[in-house]
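Given next are the chains, with one letter for each unit.
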Amino acid sequence: MQGLVVLLVCLAVGTAFAGTVGVSNADPFEREGRIVGGVDTTIRAHPYQVSLQTKSGSHFCGGSLINEDTVVTAAHCLVGRKISKVFVRLGSTLYNEGGVVVAVRELAYNEDYSSKTMEYDVGILKLAEKVQETEDIRYIELATETPPTGTTAVVTGWGSKCYFWCMTLPKTLQEVSVDIVDWKTCASDEYKYGEIIYDSMVCAYEKNKDACQGDSGGPLAVGNTLVGIVSWGYACASHLLPGVYSDVAVLRKWILNATETL
Ligand code: 4AZ
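None of these values were measured; they are calculated from a predicted model.

Enquirer: Please clarify how the overall build of the protein should be interpreted in this entry.
Expert: Within the protein, the secondary structure is distributed over 3 helices and 14 strands. Burial status across the protein gives 50% buried among its 262 residues. If you take every contact in the protein between residues at least 6 apart in sequence, the share linking residues at least 24 apart comes to 71%. Carbon together with sulfur atoms contributes 53% to the accessible area of the protein, which is approximately 12200 Å² in total.

Written as structure tokens, this is what we have:
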């Protein structure tokens, strides 16, 4: 009888958490590892990573710091957002405390961004204050060339750790290694997307490992070079469905121009 009561209480608590999106970190239904299939990491290992958040501190996207006052992110993270309602946390392993939180002075996204095709999914934020480099805050270089298929890259973020039954975001930054798949290979019969992969995109794939919801806008890096921006994918860590990223080498000119003119 006691056992039954405990079981019923557990079920009730589990159901309550399952209905709570992005609030509690206690997730009784967690199935996968991290980001998806990743591990806890630190901001010191990825000091270019930032969290885009609302005034109340809800994380909604990732980003990458490229100089003292510019963050690169995805266009789809910025569409419909008011400048006064976007804040950037830098220099913290945890998205909800530590480091520094800075307001945004200006934002822009690529004029050719298409929410239908997800082409040109790139935007920038200009910070209201200049941020100097420290051990936990560092600017990342923009790629000049797309790395060849098979290059190992690292994607980081505070996004969901699984696609199904993951109701909460991890508070600790997650990292996972994935291999670059160039857009043509990603659009080929080797994978399942077909012709919906375009030349402003680059894919990255590793079995059971991927970026997921909430990682959007964040960095895909090779060393201290930003090669991709988390953009989209069908589900997360699904068989033969790589994560799709905006190709920084292709979008580099737009990023540099926007950085200078805003
Ligand atoms: C998203 O919804 C999202 N597996 C980000 C990345 C991926 C899928 C979805 C890639 O923000």
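Enquirer: Would you mind going over unusual backbone geometry with me for this structure?
Expert: If a residue is not glycine, its phi is most likely negative; likewise, a peptide bond is most likely trans. Positive phi values are uncommon outside glycine, yet asparagine 208 reaches one of about 60°. With respect to the secondary-structure elements, asparagine 208 resides in the loop between β11 (201–205) and β12 (219–222). Judged by its relative accessible area of 46%, asparagine 208 falls in the partly exposed class. Positioned with a positive phi, alanine 237 is a non-glycine residue whose angle comes to about 55°. Mapped onto the secondary structure, alanine 237 falls in the loop between β13 (225–232) and β14 (243–247). A relative accessible area of 19% places alanine 237 in the buried class.

Enquirer: What exactly am I supposed to notice about the state of the cysteines here?
Expert: Counting across every chain of the model gives 4 disulfides. Paired through a disulfide, cysteine 61 and cysteine 77 show a sulfur-sulfur distance of 2.0 Å. The chirality of the disulfide connecting cysteine 61 with cysteine 77 is left-handed, given an S-S dihedral of about -85°. Of this pair, cysteine 61 sits in strand β3 (residues 59–67) while cysteine 77 is found in the loop between β4 (70–73) and β5 (87–90), placing the two residues 16 residues apart along the sequence. You'll find cysteine 61 and cysteine 77 in the same group, each marked buried.

Enquirer: Sorry, what's going on with the pairing of β5 here?
Expert: Moving residue by residue along a regular strand, the side chains alternate between the two faces of the sheet. Burial along β5 is two-sided: Phe87 and Arg89 and Val88 and Leu90, pointing in opposite directions, are all buried. The pairing of strand β2 (residues 49–53) with β5 spans 4 bridges and is antiparallel. Considered in β5, the bridge of serine 51 is made with arginine 89. Of the pairings in the sheet, the one linking β5 to strand β6 (residues 100–109) comprises 4 bridges and is antiparallel in character. Across the sheet, residue valine 88 finds its bridge partner in β6, namely valine 102.

What counts as what
Here the residue numbering is sequential within each chain, running from 1 through the sequence in written order. Owing to the predicted nature of the model, reporting of local features is limited to residues with pLDDT of at least 70; listing and counting of side-chain atom pairs is limited to 80 or more, with chain, interface and lining totals taken over all residues. Computation of side-chain values: all heavy atoms of the structure, hydrogens and water removed. Only DSSP runs of H or I covering at least 4 residues are called helices, and only runs of E covering at least 2 are called strands; the numbering of each starts at the N terminus. Relative accessibility decides the category of a residue: with a 1.4 Å probe and only protein chains considered, values under 20% of the type maximum give buried, values over 50% give exposed, and everything between is partly exposed. Contacts between residues were defined by any pair of non-hydrogen atoms, one from each residue, lying within 4.5 Å. All accessibility values rest on the Shrake-Rupley procedure with a 1.4 Å probe; residue burial counts only the protein chains present in the view. The rule for a disulfide is simple: a pair of cysteine sulfur atoms within 2.5 Å. Think of it this way: DSSP has to see at least two bridges between two strands before they count as a pair.

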